[in-house]
Amino acid sequence: MNEFKDLRLTVASSPHVNSPVDTRQLMLDVLIALVPAMVMGVYFFGPRALVLTLVSVVGCEVFEFGYRKLMKKPGALGDLSAAVTGVLLAFVWPVSIPYWTILVGDFFAVVVVKQLFGGLGKNFLNPALAGRAFMALSFGSMMTKYIKPGTANWWGIPNSIDAVTDAITTATPMGALHAGDLPAADYNGLVDLLVGNVGGCIGEVSAIALLLGGVYLILRGVIHIRIPLSYLGTVALLSLVFPQGNDPVLWALSQLLGGGLMLGAFFMATDYVTSPCTPKGEMVFGVGCGLLTVFMRYFGGSAEGVSYAILLMNICVPIIEKVTRPGRFGVSREDRKAAKAAKKGGDKA
């Protein structure tokens, strides 16, 4: 018995498996993965893209701190979740949007969508996407004024009259696709779509930068590949089978690289809180996002459908997890059927 005298029995509630990786580390990895997209956004849209992102981050942090202070709850700024929300919110806005509207979106995302439902881990919608949807409904005209890359100054104002006209009238890649035209006719082929030299929101234009960030998250083990793979694969397959252009392959590639699909697949749909936690559920979730995205892009009134597709699937997560929940270890299918039959018999009695 002497060899056990230094051992201590610790009694605690579940979970009993601890990990050295905490919420702060996960969120820090997400911020690192977003750096390439941020660099490309500043390169194409000017320094105001960085300023706008910083304003959004500060706004989210202040609103979260203020709400939790008012409700006498412990502070949560150290987990960096509000900072991630601020960056993602800025990424889905055009660089020309006024600063005060950014703060409105920050307030809705952090206070209404996140904190009013209990804070991190209890919100049923992705805060950044919900804030983007709220902004699109409230300030639709501001959310669709895209500045042509390379034409805006520090303040996000076009440098010439031609740039102003281009920012308002020139079709973005998704606008061209929504009209049934290939964006390659307006830009320098798929290269601009891949690099990000196109009109659009700050952090969604550069597909290659978002892919680099997504690969980083997968290699770090922050996200699984199941949701991005099933999401992107569904969009690619449907776009290839049901093209609206003369070249099905070019049409499918344009759908994959254009708009906010890459940002949504790697950074929005993979949110821990609002996505399924079962492997089968993740696949179902990704396929559902892909189906809704293509349906909205083809038949919806808006050129983009990523944000609304993910939000709708967020609502379906409890049902998906219930259907795809694995059986208990050691319990066979026959045992489950017998238990269900016995339960029904008991209910009737």
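Residues numbered from 1 in each chain as written. Predicted model: local features only at pLDDT ≥ 70, side-chain atom pairs only at ≥ 80, totals over all residues. Heavy atoms only, no water.

Helices and strands together make up the secondary structure of the protein, namely 16 helices and 0 strands. Here the protein holds 349 residues, and 46% of them are scored as buried. Considering only contacts within the protein whose residues lie at least 6 apart along the sequence, 74% involve residues at least 24 apart. In the form shown here, the protein has an accessible surface area of approximately 18,100 Å², with 66% of it arising from carbon and sulfur atoms. (Helix = DSSP H or I, 4+ residues; strand = E, 2+ residues; numbered from the N terminus. Buried < 20%, exposed > 50% of the residue type's maximum accessible area, 1.4 Å probe, protein only. Contact = heavy atoms within 4.5 Å. Areas by Shrake-Rupley, 256 points an atom, 1.4 Å probe, with all protein chains shown as cover.)

It is worth spelling out helix H15 (residues 306-323) at this point. Given 3.6 residues per helical turn, the α-helix brings residues three or four places apart onto the same face. In a regular helix each residue adds 1.5 Å, so 18 residues correspond to 26 Å; H15 covers 24 Å between its end C-alpha atoms and thus fits that length. In the structure, H15 departs most strongly from a straight axis at Cys316, where the bend amounts to approximately 50° and where the proline Pro318 lies between one and four residues downstream. Regarding H15, the residues found buried are Val306, Ser307, Ala309, Ile310, Leu311, Met313, Asn314, Val317 and Ile320. Buried positions along H15 lie against helix H5 (127-138), helix H11 (226-241), helix H13 (261-268) and helix H14 (279-299). (Expected span 1.5 Å × (residues − 1). Bend = angle between axes of the 7 residues up to and from the residue.)

Note on placement: Leu190 falls in helix H9 (residues 189-195). Each C-alpha atom, one on Leu190 and one on Ser254, is 7.0 Å from the other, the two residues being 64 residues apart in sequence. In contact with Leu190, other than residues within four places in its own chain, are Leu250, Leu253, Ser254 and Leu257.

Together, Leu237, Leu240, Val241, Phe242, Val249 and Leu253 make up an exposed nonpolar region whose accessible area comes to about 540 Å². When contributions to the nonpolar patch are tallied by element, the ones reaching two or more residues are H11 and helix H12 (248-257). Per-element accounting of the nonpolar patch gives the leading share, 3 residues, to H11. Looking at where Leu237 falls in the secondary structure, it is placed in helix H11. (Patch = residues over 30% accessible without salt bridge, like charges linked within 9 Å, V, L, I, M, F, W, Y side chains within 5 Å. Salt bridge = Lys/Arg side-chain N within 4 Å of Asp/Glu carboxyl O.)

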